[in-house]
Each structure stands twice: as C-alpha cells, then as structure tokens.
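Here is what each chain is made of, one letter per residue.
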Amino acid sequence: MLPTYLLSLREGLETALIIGIVLGAISKIHCKDLAPAVWFGTLSAVVVSILTAIVLTSFGMSLEYPDQGGGGPDTDGELNQLF
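Heads up: these notes are all about the structure in this document. This one's a predicted model, so the numbers in the text were calculated from it and none came from an experiment.

Within the protein one finds two helices and zero strands. Buried residues in the protein amount to 8% of all 83 residues. Total accessible area on the protein stands at roughly 6,900 Å², and carbon and sulfur atoms take up 70% of it.

This brings us to a nonpolar patch on the surface. On the surface, a nonpolar cluster with roughly 720 Å² of combined accessible area is contributed by Met-1, Leu-2, Tyr-5, Leu-6, Leu-9 and Leu-13. For Tyr-5, the position within the fold is in helix H1 (residues 2–28).

With that settled, consider the packing of H1 against helix H2 (residues 35–58). Between H1 and H2, the least distance of the axes is 10 Å, while the angle of their chain directions is 165°. Considering their axes alone, H1 and H2 lie roughly antiparallel with respect to each other. Viewed along their axes, H1 and H2 form a crossing whose handedness is right-handed. Contact with H1, carried on its side by Ile-19, Val-22, Leu-23 and Ile-26, involves Ala-35, Val-38, Trp-39 and Thr-42 of H2 and no other residues of that element. Looking at the contact of H1 with H2 residue by residue, the class counts come to seven nonpolar, one polar and no charged.

Another aspect to go through is the pattern of salt bridges. Enumeration according to the criterion identifies two salt bridges in this entry. Between Arg-10 and Glu-11 there is a salt bridge, and its shortest N-O distance comes to 3.1 Å. When its relative accessible area of 45% is taken as the criterion, Arg-10 is described as partly exposed. Taking relative accessible area as the criterion, Glu-11 reaches 34% and is therefore assigned partly exposed. One salt bridge connects Glu-14 with Arg-10, and the closest N-O pair in it is separated by 3.6 Å. Note that Glu-14 and Arg-10 are positioned in helix H1 at a spacing of four residues, about one turn of the helix. Overall, Glu-14 belongs to the partly exposed group, its relative accessible area being 35%.

Helix length check: H2 (24 residues) gives 35 Å between terminal C-alpha atoms against 34 Å at 1.5 Å per residue, within 8%. Directly beyond the C-terminal end of H2, a positive phi value near 75° is found at Gly-60.

Rules of the game
Residues numbered from 1 in each chain as written. Predicted model: local features only at pLDDT ≥ 70, side-chain atom pairs only at ≥ 80, totals over all residues. Heavy atoms only, no water. Helix = DSSP H or I, 4+ residues; strand = E, 2+ residues; numbered from the N terminus. Buried < 20%, exposed > 50% of the residue type's maximum accessible area, 1.4 Å probe, protein only. Areas by Shrake-Rupley, 256 points an atom, 1.4 Å probe, with all protein chains shown as cover. Patch = residues over 30% accessible without salt bridge, like charges linked within 9 Å, V, L, I, M, F, W, Y side chains within 5 Å. Salt bridge = Lys/Arg side-chain N within 4 Å of Asp/Glu carboxyl O. Axes fitted to C-alpha atoms, helices over the stretch in contact; angles between N-to-C directions. Parallel < 35°, antiparallel > 145°, perpendicular 65-115°, else oblique. Left-handed = near helix turned anticlockwise from the far one by under 90°. Contact = heavy atoms within 4.5 Å. Nonpolar A, V, L, I, M, F, W, Y, C, P; charged D, E, K, R; others polar. Expected span 1.5 Å × (residues − 1).

Given below as structure tokens:
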C-alpha cells in the first residue's frame, strides 16, 4: 500500500508543478484574467477524480492487482460485471 501512497504523492507534486507553470506563463504574458479558468479546470479535475473513485468503490473495483499468485489485470472478471 505504501507504493500507492508514494505514487499519489508524486502525481500530486507533478500536478502542482504544472499548475504553477501555467499560472506563471499566463502571468508573464499579462493575461491574469485567465487564472480563474486554470483554477476552475483544476477543481473540475479534482471533482472528476473523486467521483471516479466513488463509482469504482461502489462497484467494488480496484485499480490494484489482486493479491493472488501471479494475478494480473481483471483476473476476477470485475470489468465483465459492468457489461
């Protein structure tokens, strides 16, 4: 489980870096009126991510491989339950 948390931390830091770069770029070209659009996009991405997590959890799905010997993606047929 620790690798999952470390991966999430790394992705969060990358996201913060990208948002900072975009905000710095729009500031440098004197288009500060675009900053609310950047923050709206960021908020939208967070909301979609949370909703996706809720939907996956409600279906009992996981983004990790099962802890079975040699398990791979979708060894339990989880994706087949959706269709």
